[in-house]
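# Structural characterization, general
One-letter residues, chain by chain:
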Amino acid sequence: MTKMTIDEARHELMSLQHRMAAYEHAMGLIFYDGCTTAPKGTADNRAATMSILSEEIYRQSTSKETSELLEFLDSEKESLSSDEKRMVHLLIKDIREMKLIPMDEYIAYQELMVKAEDVWANAKEASDFEMLRPYLEDLFAYQKKFAKYIHPEMDPYDHCLNEYEEGLNMEACDRFFGRLRAAIVPLLKRVSEAPQVDDSIRHGYFPEAKQEELSYYLMKLIGLDLNHVGLSTTEHPFTTSLGSHHDERITTHYFADDFVCSMYSIVHEGGHALYDTGSEDELAYTVLDGGVSMSIHESQSRFYENFIGRSRSFCRLIFPELVRLFPEQMKGRDPEEFYLAVNKAEPSLIRTEADELTYSLHIMIRYELEKRIMHDELEVRDLPAEWNRMYKEYLGIDVPDDKHGVLQDSHWASGLFGYFPSYALGNAYGAQFLARMRETVDFDACVESGDFSAVNDWNRENIWRHGSRFTPSELLGRVFGEEFDPGYYIDYLEKKFSEIYGL
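All values derive from a computational prediction rather than experimental measurement.

## Here we look at the sheet that holds strand 3 (residues 244–252)
The three strands are arranged 1-3-2 in an open sheet whose pairing can be described as mixed. Each edge of the open sheet carries a strand with a single partner, namely strand 1 (229–233) and strand 2 (239–242). Between one strand and the next, the sheet's axes are offset by a mean angle of 25°, whatever the strand orientation. Each of strand 1, strand 2 and strand 3 is contacted by helix 10 (residues 259–277), which is oriented at about 170° to strand 3, the strand it contacts most.

## What about the pairing of strand 3?
Across a regular strand the side chains alternate sides, sitting on one face of the sheet and then on the other. Counting buried residues in strand 3 gives seven out of nine residues, a clear majority hidden from the surface. Sheet topology places strand 1 next to strand 3; five bridges connect them, and they run parallel. Across the sheet, Ser-232 pairs through a bridge with Thr-251, a residue of strand 3. Pairing between strand 2 and strand 3: four bridges, direction antiparallel. Looking at the pairing, Thr-239 lines up with Ile-250 of strand 3.

## Quick look at the nonpolar core
Within the largest apolar cluster, 158 residues are counted, with the highest numbers of intra-cluster contacts made by Phe-259, Phe-314, Phe-338 and Leu-383. When near neighbours in sequence (up to four residues on either side) are disregarded, Phe-338 contacts Ile-201, Phe-259, Val-260, Met-263, Cys-315, Ile-318, Phe-319 and Leu-322.

## Things to note about the side chain of Asp-409
As for its placement among the helices and strands, Asp-409 is situated in the loop between helix 16 (383–395) and helix 17 (421–437). A distance of 3.0 Å separates a polar atom in the side chain of Asp-409 from a polar atom in the side chain of Arg-351. Within the structure, the side chain of Asp-409 is placed 2.7 Å from the side chain of Arg-366, a separation counted as a polar contact.

## Examining the environment of Tyr-164
Structurally, Tyr-164 is set in helix 7 (residues 156–164). Looking at Tyr-164, the relative accessible area reads 18%, which means it is buried. Measuring from C-alpha to C-alpha, the distance between Tyr-164 and Pro-421 comes to 9.3 Å, with 257 residues separating the pair along the chain. Sequence-distant contacts of Tyr-164, defined by excluding residues within four places in its chain, comprise Ser-293, Met-294, Ser-295, Gly-415, Leu-416, Phe-417, Gly-418, Tyr-419 and Ser-422.

## Considerations on the packing of helix 15 (residues 356–374) against helix 17
Two elements in contact, helix 15 and helix 17, have axes separated by 8 Å at closest approach and are oriented at 145°. Considering how the two elements wind past one another, helix 15 and helix 17 form a crossing that is left-handed. Contacts from Tyr-359, Ser-360, Ile-363 and Tyr-367 of helix 15 reach helix 17 at Pro-421, Tyr-423, Ala-424 and Asn-427. Here the residues of the contact of helix 15 with helix 17 sort into six nonpolar, two polar and no charged.

## Re the packing of helix 1 (residues 6–35) against helix 2 (residues 43–62)
Helix 2 packs onto helix 1 with a crossing angle of 160° between their chain directions and a minimal axis gap of 10 Å. Here helix 2 runs roughly antiparallel to helix 1, going by the angle between their axes. Between helix 1 and helix 2 the crossing geometry is left-handed. Across from Arg-19, Met-20, Tyr-23, Ala-26, Met-27, Ile-30, Asp-33 and Gly-34 in helix 1, the residues of helix 2 making contact are Arg-46, Thr-49, Met-50, Leu-53, Ser-54, Glu-56, Ile-57, Gln-60 and Ser-61. Across the contact of helix 1 with helix 2, the residue classes tally to eight nonpolar, five polar and four charged.

## Considering helix 1
The first and last C-alpha atoms of helix 1 sit 43 Å apart over 30 residues, in line with the 44 Å expected at 1.5 Å per residue. Those residues of helix 1 that sit buried are Ala-9, Leu-13, Leu-16, Gln-17, Met-20, Ala-21, Met-27, Gly-28, Ile-30 and Tyr-32.

## Description of the pattern of salt bridges
In the structure shown here, the tally under the stated rule is 50 salt bridges. Residue Glu-71 is joined to Arg-96 by a salt bridge in which the shortest nitrogen-to-oxygen separation is 3.2 Å. Here Glu-71, found in helix 3 (residues 64–75), pairs with Arg-96, found in helix 4 (residues 82–99); they are 25 residues apart in sequence, far enough to count as distant. The partner of Glu-499 in a salt bridge is Arg-312, with the nearest N and O atoms 3.2 Å apart. Residue Glu-499 is found in helix 21 (residues 487–500), and its partner Arg-312 is found in helix 12 (residues 312–325); the two are separated by 187 residues along the sequence. Assessed through its relative accessible area of 45%, Glu-499 is described here as partly exposed. Sharing partners across several salt bridges, the network here consists of Asp-83, Glu-280, Glu-282, Glu-461, Arg-465 and Arg-469.

## Things to note about unusual backbone geometry
Here Ser-127, not a glycine, exhibits a phi torsion of approximately 55°, which is positive. Tracing the backbone through its elements, the reader meets Ser-127 in the loop between helix 5 (103–126) and helix 6 (129–150). Even without glycine at this site, Asp-376 takes up a positive phi of about 60°. Residue placement: Asp-376 occurs in the loop between helix 15 and helix 16.

## Notes on the packing of aromatic side chains
Scanning the entire structure with this criterion turns up 35 aromatic pairs. Considering the side-chain rings of Phe-176 and Phe-177, the 5.4 Å spacing of their centres and the 50° angle between planes classify their relative orientation as tilted. For the pair shown, Phe-176 and Phe-177 are each scored as buried. Each ring, one from Trp-387 and one from Tyr-391, has its centre 5.3 Å from the other, and the planes form 15°; the classification is stacked.

## Quick word on the state of the cysteines
Scanning the entire structure with this criterion turns up zero disulfides. Cys-261 provides the cysteine sulfur closest to Cys-35, a residue in no disulfide bond, and the two sulfurs are 20 Å apart. We note that Cys-261 lacks a disulfide partner, and the nearest cysteine sulfur, in Cys-315, lies 15 Å from it.

Thresholds applied
- Residues numbered from 1 in each chain as written.
- Predicted model: local features only at pLDDT ≥ 70, side-chain atom pairs only at ≥ 80, totals over all residues.
- Heavy atoms only, no water.
- Pairing = 2+ DSSP bridges.
- Helix = DSSP H or I, 4+ residues; strand = E, 2+ residues; numbered from the N terminus.
- Axes fitted to C-alpha atoms, helices over the stretch in contact; angles between N-to-C directions.
- Contact = heavy atoms within 4.5 Å.
- Buried < 20%, exposed > 50% of the residue type's maximum accessible area, 1.4 Å probe, protein only.
- Core = buried A, V, L, I, M, F, W, Y, C linked by side-chain atoms within 4.5 Å.
- Polar contact = N/O pair within 3.5 Å; in protein donor to acceptor, adjacent residues only side chain to side chain.
- Left-handed = near helix turned anticlockwise from the far one by under 90°.
- Nonpolar A, V, L, I, M, F, W, Y, C, P; charged D, E, K, R; others polar.
- Parallel < 35°, antiparallel > 145°, perpendicular 65-115°, else oblique.
- Expected span 1.5 Å × (residues − 1).
- Salt bridge = Lys/Arg side-chain N within 4 Å of Asp/Glu carboxyl O.
- Phe/Tyr/Trp six-rings, centres within 6.5 Å; stacked < 30°, edge-to-face > 60°.
- Disulfide = S-S within 2.5 Å.

The values reported here are purely geometric and, on their own, carry no functional implication.
Here you go:
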């Protein structure tokens, strides 16, 4: 690297991140297109382009010039701002890890994921796990190799968990899930023995066009800027940032016989989008833009979906809009019926449609399966049978086919091993965030009125605006002012479902 001043190096640091953001923008668009509007049969085309872009990212990230720039800035970190120090730290960490992976394997893995995601959609439609099995075997094999390359001293599954929540490991997960299980299982038993909730209000015929109107109503209601947040449909709902927080896309899936599924997908994905678009503008096109971890990201999506969206006040708030959109279906119904219906607790097949009480059991199953595969205690070919067995053991239900079982989630086909615990942790983080929020915000009044500005302002000030400035534990410490305590979430579940079921 040509010798440069510290100011020139700082300028080059920003230019480097802007270039990398441009490549990620292009790859994000290709991914988004593949999941939404791309014709079937075009996966090979996308995979070829992704392999070229992945190679360019690898070369730029690991080049001599990039390494020298970052090492120079690291040696001069006392001259840097706190944000610049954090940028250099994250970039050096990522680049050092990337260098440990052979370039040909890195590129092949990116190409494999594109193909696997396409095959997953077809396999799910056909309810045929064998179509996806060879791709999953390769994806898991790559993950095990990458874990050894990057953290040979670490358990391979701890490496996966750490990728989505810095510092997370199996010991912490086992402790967390153990505490949840000890509270949820007996509470679920008491609920199952109580008179059951009538959820017929959510079933019937709900035209997709009317559901789409509801989607946009909900997006605007919770505070999304539709000039920067787009909506599309896909097999599995998700949120993605394209380039920076100025371009956010969410997706949903409409079911004509149950509008509630899409409704809560919108509020859930909307929570993700609020977090991403809430980063300070000065962080755009840098590694600090967007959420710091998937657990904190899920704390926001689950916060809006459940603590707000499944509250009695929110159900009352939106009920007139449901009556307007679905007058025949809502005839003779009332908001309390709707509130009870969307909070009905019972074992079910599909994670994304699960109630708050049983949801974490779905996560525990996936966590245990991933852990066993990463430790070579379970073969990928045995996943369907073991999935079905665990659903019977944990939830007491029979899985009819692969579509409603092992193929229901897209995560594994996307290489997201170690991601699932983020959902359950996010639930618990959200409950503790809410406790802190209530100290200065009249949360219930905000939901009742439909004015979420104070709620969003609190989240923006304490969480969103910081992007990835802090580690997950640092951010949690700043907001909580105490240790993370799942007891807040357990108390919330106990209170809510005891009231609903008269326990």
